[in-house]
There are 4 protein chains.
Amino acid sequence: MYFNIDPKKNVPLYEQIIHQVKEMCAKGLLKPEEKLPSVRELSSQIVINPNTVSKAYKELERQGVIMTIRGRGTFISEDFHFTHDPRKSEAIKQALKQAVIDSHYVGIEKEQVESWIEEFYQEIGGENRES
Amino acid sequence: MYFNIDPKKNVPLYEQIIHQVKEMCAKGLLKPEEKLPSVRELSSQIVINPNTVSKAYKELERQGVIMTIRGRGTFISEDFHFTHDPRKSEAIKQALKQAVIDSHYVGIEKEQVESWIEEFYQEIGGENRES
Amino acid sequence: MYFNIDPKKNVPLYEQIIHQVKEMCAKGLLKPEEKLPSVRELSSQIVINPNTVSKAYKELERQGVIMTIRGRGTFISEDFHFTHDPRKSEAIKQALKQAVIDSHYVGIEKEQVESWIEEFYQEIGGENRES
Amino acid sequence: MYFNIDPKKNVPLYEQIIHQVKEMCAKGLLKPEEKLPSVRELSSQIVINPNTVSKAYKELERQGVIMTIRGRGTFISEDFHFTHDPRKSEAIKQALKQAVIDSHYVGIEKEQVESWIEEFYQEIGGENRES
DNA sequence: GTGGTCTAGACCACT
DNA sequence: GTGGTCTAGACCACG
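Residues numbered from 1 in each chain as written. Chains lettered and ligands numbered in written order. Predicted model: local features only at pLDDT ≥ 70, side-chain atom pairs only at ≥ 80, totals over all residues. Heavy atoms only, no water.

Taking an unreviewed UniProt entry as the reference, chain A is identified by name as GntR family transcriptional regulator belonging to Alteribacter keqinensis.

Next up, the structure:
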């Protein structure tokens, strides 16, 4: 459970938390039913306001990635199932398109992008929670 | 020069303009030295505050994508060259990673992502301005 | 006496117990004077903190649904009578209104809601304790 | 746009706002594309913290009831479509069941409940946004 | 002007 | 101990 939060990034702190939790889940570093650090714990660990951590946890719960049990804490969902939201799907496609165009302007080759994609799927691979 | 701006998206309007200009350039729909609509023209065309268009143009100029000639108007740069900024490169890699993870949570298959990437490069295709 | 308690719900555990006891009473599955499991029994049966069960029993007793006889245990009241509290009545009306509005937003038809209501009253049916 | 918020209720303030907006929409008192009061406006009107109003608006947006346009304000969605979430559906059914059981304990007759339901649908009727 | 993010600190309900 | 709610007040990005 090591978080790497950077307040200098223009990505909101709570989103950085969301991203990292999802990444750790996807990579199998966090297993279903595993306990996450409590709001207060994590907030003091990464020196951030508890409300900010809470906001991230709430959003993760809304997405079905984690679940909270009253008085006991927060845990990785054991019964995650895909959303298949067409709006999100479209948003992701746009994000990919934008990344490709931006990469083109920075002089990154197509092969580089494809190898990155391959690399990301390697990291997830095999550990896929649905398998 | 058809812009597709949607104020309901959570992407800032000025960024949407930037994205679309860059996309059109990458696809060859806008050629070097081609004239862009004036701030006033564009702002009335897409019903938007002129300041917003101005902000987008300023940023595009800063990135070297377009250039303004006083009294003549705004044009696509003819001498654009890649930046190779390692920070931007890293940011793009992170964006790609996040898109891959998010797609995983929405139930999008690896093949779908790869086909999208291929599709985007097809669109840019032989029209690459520096080829 | 089968309880179905789910700590993942956002309904407090002690309220879930209260609901289920009242439901079983209303359906006639628990008859007046019938003995309830002791706090310890129930808390170990549904794997829950004894304090939580105790809290539920206290509230049920306050509402007159059950009664505790020191040294003998806890029993369903035989002399329950309606409260006719106008504030509770209003609260229930509001809850129903909210459920109707929410159902509308989820796309549930009026007929579905009415059939559910009918179903619930069927379950309570001729077993009404004061009939 | 009259809100009736009561801090003494045990329903959270932001939920009361959510309920009332949804109710006004369902009744046709708020039309699609209509502007809602700004966060600051509403918060000063009902003497509440802006963050609380913001939280309510965020949740309403998540549910697709309203939409926010950057720098312009918050508006009723014109393209609302049902969610058909089976989990929400089940939650609503449970809420209805609980209301029926509670009403039974307060001495409310079946006919009274049914007449309330009918009344609520009368208020919504005809003005249904999807018609 | 709009909403979005973050902080600091308080109080409460639940277990 | 846990998370949930609310307040007060600050700063920022966007239009």
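**Thoughts on the environment of B:R40**
Residues and elements named next belong to chain B. Mapped onto the elements of the fold, R40 is located in helix α2 (residues 39–45). Residue classification places R40 among the exposed residues on the basis of a relative accessible area of 71%. Between the C-alpha atoms of R40 and P50, which are 10 residues apart in sequence, the distance is 6.2 Å. (Helix = DSSP H or I, 4+ residues; strand = E, 2+ residues; numbered from the N terminus. Buried < 20%, exposed > 50% of the residue type's maximum accessible area, 1.4 Å probe, protein only.)

**Describing the relation of the copies chain B and chain A**
Mapping chain B onto chain A is achieved by rotating through 180° and translating by 0.0 Å along the same axis, at an RMSD of 0.3 Å. Seen this way, the second copy is the image of the first under a two-fold rotation axis. Every residue of chain B has its C-alpha some distance from the rotation axis, and the shortest such distance is that of B:L96, at 3.2 Å. A share of 100% of the interface residues of chain B reappears at the interface of chain A, consistent with the copies meeting face to face through the same patch. (Least-squares fit on C-alpha atoms with pLDDT ≥ 70 in both. Contact = heavy atoms within 4.5 Å.)

**Quick word on the sheet that holds strand β1 (residues 35–36) of chain B**
All names here are of chain B. Strand order in the open sheet made by the three strands is β1-β3-β2, with antiparallel pairing throughout. Two strands bound the open sheet, and with one partner strand each, they are β1 and β2 (66–69). The pairing of β2 with strand β3 (residues 73–76) spans four bridges and is antiparallel. Along β3, the bridge assignment pairs M67 with F75. Relative to β2, helix α3 (residues 50–62) is tilted by about 110°, and along the sheet it contacts β1, β2 and β3. (Pairing = 2+ DSSP bridges. Axes fitted to C-alpha atoms, helices over the stretch in contact; angles between N-to-C directions.)

**Observations regarding the domain arrangement of chain A**
Each assigned domain of chain A is listed here: domain 1 (13–76) and domain 2 (86–124). With centres defined by C-alpha atoms, the gap from domain 1 of chain A to domain 2 of chain A works out at 26 Å. (Domains from an automatic or database assignment.)

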